[in-house]
Amino acid sequence: MSSLFLPGVFMLLSIVLSGTMTFGQTKSNGLMDIGVAQVDITPEGPIRLTGYAAREKSESKGVIHRLFAKALAFGSDAQGPSILITVDLVGIPGNITLKLAEQLSKKVGIDPAQLSISASHTHGGPEIGILNILQARGKTFSDSLLSLDELIHISHYRHQLSEKLEQVALAAIDNRKPALLSWGQGQAGFARNRRTSGGPVDPSLPILRVADPDGKLRAVLVNYACHGTTLGGDVNRIHGDWISEAQQRIEANHPGTMAMVAIGCGADANPHPRGKIEHMRAHGEEIAKNVETLLASPLQSLTSPPVGKMKWVKLPFAHVPGIPELIALTSDSSAKGYFARLALERIARGHDIQKELHYPVQVWVFGDELAMINLAGEVVVDYSVRLKNELGAEKLWINGYTNDVPSYIASRRVIREGGYEAESSMYWYDKPSPFVEAVEDIIISAVHELLPASLKTVRPETNSPQVVVADADDIIELNAELARAIGPEIKYMPEWKAFGWFTEADRVEWDVEVKRKGKYDVYLEWSVSDEEAGKPFVFEAGKRKFNGVIGKTGSWFTYRDEKIGTIDLQAGKQMIVFRPLSASAKGALLDLRTITLKRMN
Ligand SMILES: [Zn+2]
């Protein structure tokens, strides 16, 4: 493992710097009915754009990227189909998702848990819901309404969006035909923690690949945890930011293919660098390039269509102001004062102030191979770190900004620290206060509750070395869990079931009991970034040994399983060692998950 990105807490680092997917063997050649459809959702004319308070107070002037809603429909009618939609928008209002779920339930019998809509969070899309940001005037807020034309354009757009989402969902259902589905993870590197320099980000880049039975690519869904804020508020033209750039490049690389992007727990991550069109293009290029690497690697087959489960939880606000407090706040010139004035208006019209947020948590399970966790709102990175530590990073895919974007979803740590994502953003989102710290546990518990037992096996925090005995077929599985790690940096990473921080001063040893002497083929399952690959290693069993070089896998998140050599083994107890050829060089050697020995006949 390298020491590239983040100093700080190991728990965070282990997600960033190591990684895995068990690639190699695909489990089955099973086909799944999958439908693919898209619809252009670019506004027809000028409209107020959202995302930045500091933006020209006029409607959009032109288009850099067309915006799209893109849908995948999975599974036959008998299996109970599900629909995954991505939209190139800043968010997806919860009531639009609910309305679509109701329509699809009536028209094609889709369960609401089997519908997900993920927004890209581009800051170059039209306003679709919360108007507060458009009321900002420098450091103050205007209480006067937007012009009637502007309100009409926004309302008309919302109405059209609802219709187009139904169209694209039904088109994907109609378009279903047998397909191959697979997934894997790589990584990308342009997200930066925007609260703390060098703070945690989730660099994982999972992809879902949909191909015809003959292997021709039909669609690819990518996820990365980063804001769509490469371009700033000075740009008043419709655009999808790096997300549209990535989609366009992937589609250009594979004519006829549909590329979709969903966003992970990137609420506290901005792209770096940012500000210029060429930065946006470079980020899109990085995603597209890494997707190409993944598409060329062996991916894990998914043969069971997703089964969705959903739970609505209540996220309490820390403080709901009473009327005297709201009145006192009316003179505040910030978003908080604007919230207070709006709240008083609502109270005067007979409504109550929300005490808690009704929050949807959704989990889609693809057999035993993958759990896709769909979280609403702008979710900070700590949720990804925690879920991957608890449940294992090799089977998890986390979408934020999904089904609703009611506010930021801060973690316990971020709420304690305060700042924009924890507090001030809440007033922009028309909420009365920060959340209580317990929201983190409420959301994580709901995810655990929705997952089947097969996808939440408890992971030991540490490995436990023990003697490995050959099985009846003379296959010896040397897992990281069973090895002894020796050296200054090496650590067992439960979320990947692998040794990370495996530098050139580190080694691992297994005590092995070989039943039959003979020649054994040696297979290594490992990952390494392309930058760190290429260092020599030694594999030793008693006096026998061979050398090799660590091959590239594409990223710390992409594991490969390949034969690395052959060795003569004596019967009986012995020690097997995997180590660097030189203990003095600098840098990371690899992340090591398993070495498998198979006796040659
Ligand atoms: Zn945001």
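All values reported here derive from a predicted model rather than from experimental measurement.

Whenever I open this one, the packing of helix H7 (residues 335-348) against helix H10 (residues 420-428) confuses me. Can you help?
Two measures define how a pair of helices packs: the angle their axes make with one another and the distance between the axes. At a minimum axis separation of 7 Å, H7 and H10 run at an interaxial angle of 45°. By the angle between their directions, the pair H7 and H10 is classed as oblique. Judged by the sense of rotation from one axis to the other, the crossing of H7 with H10 is left-handed. Counted together, Ala-335, Lys-336, Tyr-338 and Phe-339 of H7 and Ser-424, Tyr-427 and Trp-428 of H10 form the full contact between these two elements. Grouping the constituent residues of the contact of H7 with H10 by class yields five nonpolar, one polar and one charged.

How do you make sense of the confidence of the model for the protein chain when you look at a structure like this?
Residues shown with low pLDDT carry predicted positions that ought not to be read at fine detail. On average, residues of the protein chain score 92 in pLDDT, and 95% of them are at 70 or above. Low pLDDT, under 50, characterises residues 1-28; the predicted model gives this stretch 96 contacts beyond four residues in sequence or across chains.

Looking at this structure, I do not really get the pairing of strand S3 (residues 82-87). What am I missing?
Taken residue by residue, a regular strand's side chains alternate between the two faces of the sheet. Counted residue by residue, S3 has six buried out of six residues, so it is predominantly covered. Alignment of S3 against strand S4 (residues 115-119), held across five bridges, turns out to be parallel. The residue of S4 that forms the bridge with Val-87 is Ala-119. On the question of chirality, the crossover connecting S3 to the parallel S4 by way of helix H2 (residues 94-108) is right-handed.

Got a minute to help me understand the environment of Ile-130 in this structure?
As for its placement among the helices and strands, Ile-130 is situated in the loop between S4 and strand S5 (136-137). Residue classification places Ile-130 among the partly exposed residues on the basis of 18 C-beta atoms within 10 Å. Each C-alpha atom of the pair Ile-130 and Ser-464 lies 52 Å from the other, and the pair is 334 residues apart in sequence.

Parameters at a glance
- Residues numbered from 1 in each chain as written.
- Predicted model: local features only at pLDDT ≥ 70, side-chain atom pairs only at ≥ 80, totals over all residues.
- Axes fitted to C-alpha atoms, helices over the stretch in contact; angles between N-to-C directions.
- Helix = DSSP H or I, 4+ residues; strand = E, 2+ residues; numbered from the N terminus.
- Parallel < 35°, antiparallel > 145°, perpendicular 65-115°, else oblique.
- Left-handed = near helix turned anticlockwise from the far one by under 90°.
- Contact = placed C-beta atoms within 7 Å.
- Nonpolar A, V, L, I, M, F, W, Y, C, P; charged D, E, K, R; others polar.
- pLDDT = per-residue confidence, 0-100.
- Buried ≥ 20, exposed ≤ 12 C-beta atoms within 10 Å, placed from the backbone.
- Pairing = 2+ DSSP bridges.
- Right-handed = clockwise from strand over helix to strand, strands pointing away.

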